[in-house]
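As a plain string of letters, each chain reads:
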Amino acid sequence: MDMKRLYYLFDPLCGWCYGAGPVLESLAQQGGEQLQLLPSGLFSGEGARPMDEAFAAYAWSNDQRIERLTGQPFSQRYRSEVLEKPQQIFDSGPATVALTAVHLTAPEREAEALKAIQHARYVDGLDNTAIPVLLVLLRCLGLNDAATRLAQPDAALMDANNARMAQARQLMRALGAQGVPSFVLERDGQRQLLNASAAFSNPQAFVAQCLAA
């Protein structure tokens, strides 16, 4: 396998990134060390917002489209316990920091942790913007070192988190990526933005393309 590196640019609260989950899982299983996850911070910081009624309706409509296209489930429990809870904030910052903690302590399991964080929200209807929920998820996966880092985030963790988001945004700007999920193939120092729509229209072919590149 000649693939040098595949960057996956994502946000843990991005429904389309959840839709791309099966593709990411296949790449993680088959591509191994050549896959690098980079959170973009799309819905953190200035990108965070209240979960109001209009946004909840928009999100659910979009989620239904994603489910039809990808088969990834969005449960009624998610709709009632997450989207219809106006006191919640749509903020991917905590989940992004949790994933950076995994990246620092067990990098080979970051894709697995992302899947668990997404499943907790979209299927189990849990608020994965809440640190206590994220701590339980990490501990249930046996990622205790990451949970410890997340429970008491220090400067090293936050610096690493900011650096990962900065790298993702730099790649997006340099290659003209319009959003997430985005896949960037690096080969012999050259970087190429892949057609992410193929990950949804023909996921098996997309994975084969990435691995054969």
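Note that the structure is predicted; figures quoted are calculated from it, not measured. (Residues numbered from 1 in each chain as written. Predicted model: local features only at pLDDT ≥ 70, side-chain atom pairs only at ≥ 80, totals over all residues. Heavy atoms only, no water.)

1. Focus: unusual backbone geometry
Here is step 1 of the chain: Here V180 and P181 are connected by a cis peptide whose omega angle stands at 0°.
Here is step 2 of the chain: Within the fold, P181 resides in the loop between helix 9 (155–175) and strand 5 (182–187).
Here is step 3 of the chain: For D188, which is not glycine, the phi dihedral falls at a positive 55°.
Here is step 4 of the chain: Mapped onto the elements, D188 comes out in the loop between strand 5 and strand 6 (190–193).
Here is step 5 of the chain: Since its relative accessible area comes to 60%, D188 is described here as exposed. (Helix = DSSP H or I, 4+ residues; strand = E, 2+ residues; numbered from the N terminus. Buried < 20%, exposed > 50% of the residue type's maximum accessible area, 1.4 Å probe, protein only.)

2. Focus on the pairing of strand 1 (residues 5–10)
Regular strands place their side chains on alternate faces of the sheet.
Here is step 1 of the chain: Counting buried positions along strand 1 gives five out of six residues, so the element sits mostly inside the fold.
Here is step 2 of the chain: Relative to strand 5, strand 1 runs antiparallel, the two being bridged by five bridges. If you follow Y7 over to strand 5, its bridge partner there is V184.
Here is step 3 of the chain: Bridge analysis of strand 1 against strand 2 (residues 35–39) gives five bridges, and the strand direction is parallel. By the bridge assignment for strand 2, Y8 is matched with L37. (Pairing = 2+ DSSP bridges.)

3. Thoughts on the environment of A95
Here is step 1 of the chain: Along the polypeptide, A95 turns up in helix 5 (residues 93–105).
Here is step 2 of the chain: The sequence separation of A95 and P12 amounts to 83 residues, and the corresponding C-alpha distance is 6.6 Å.
Here is step 3 of the chain: Not counting the four nearest positions on each side in its chain, A95 is found in contact with P12, I117, N128 and L134. (Contact = heavy atoms within 4.5 Å.)

4. Section: the side chain of S40
Here is step 1 of the chain: With respect to the helices and strands, the residue S40 is situated in the loop between strand 2 and strand 3 (49–50).
Here is step 2 of the chain: Here L42 takes part through its backbone nitrogen, which lies 3.2 Å from a polar atom of the side chain of S40.
Here is step 3 of the chain: Ignoring any residue separated from it by four or fewer positions in sequence, one finds S40 in contact with F10, D11, M165, A168, R169, M172 and V180. (Polar contact = N/O pair within 3.5 Å; in protein donor to acceptor, adjacent residues only side chain to side chain.)

5. Notes on the sheet that holds strand 6
Backbone hydrogen bonds are what pair the strands of a sheet, in a parallel or an antiparallel way.
Here is step 1 of the chain: Read across the open sheet, the four strands follow the order 2-1-5-6; overall the sheet is mixed. Looking at the sheet topology across the chains shown, the edges are occupied by strand 2 and strand 6. Each strand of the sheet is rotated relative to its neighbour by a mean of 25°, with strand direction disregarded.
Here is step 2 of the chain: Strands in contact with helix 9 are strand 1, strand 2, strand 5 and strand 6; relative to strand 2, the strand with the most contacts, it is inclined by about 95°. (Axes fitted to C-alpha atoms, helices over the stretch in contact; angles between N-to-C directions.)

6. Re the packing of aromatic side chains
Here is step 1 of the chain: Evaluation of the coordinates by the stated rule reveals 13 aromatic pairs.
Here is step 2 of the chain: Measuring from ring centre to ring centre gives 5.0 Å for Y8 and F183, while their planes differ by 40°; the resulting arrangement is tilted. Of this pair, Y8 sits in strand 1 while F183 sits in strand 5, and the two are 175 residues apart along the sequence.
Here is step 3 of the chain: Given the relative accessible area of 0%, Y8 is considered buried. (Phe/Tyr/Trp six-rings, centres within 6.5 Å; stacked < 30°, edge-to-face > 60°.)

7. Some thoughts on the nonpolar core
Here is step 1 of the chain: Formed by 68 residues in total, the largest nonpolar core has its most connected members in Y8, L9, L27 and F183.
Here is step 2 of the chain: Look past the residues within four positions of L27 in its chain and what remains in contact with it is L6, G32, L35, F183, V207, C210 and L211. (Core = buried A, V, L, I, M, F, W, Y, C linked by side-chain atoms within 4.5 Å.)

8. Some points on the pairing of strand 5
Here is step 1 of the chain: Burial analysis of strand 5 places five of its six residues in the buried class, the great majority of the element.
Here is step 2 of the chain: Here strand 5 pairs with strand 6 via four bridges, running antiparallel. Counterpart to V184 in the pairing with strand 6 is L193.
Here is step 3 of the chain: With antiparallel pairing between neighbouring strands as the criterion, strand 5 and strand 6 make up a hairpin whose turn holds two residues, including D188 at a positive phi of roughly 55°.

Any functional reading would require information that these geometric values do not contain.
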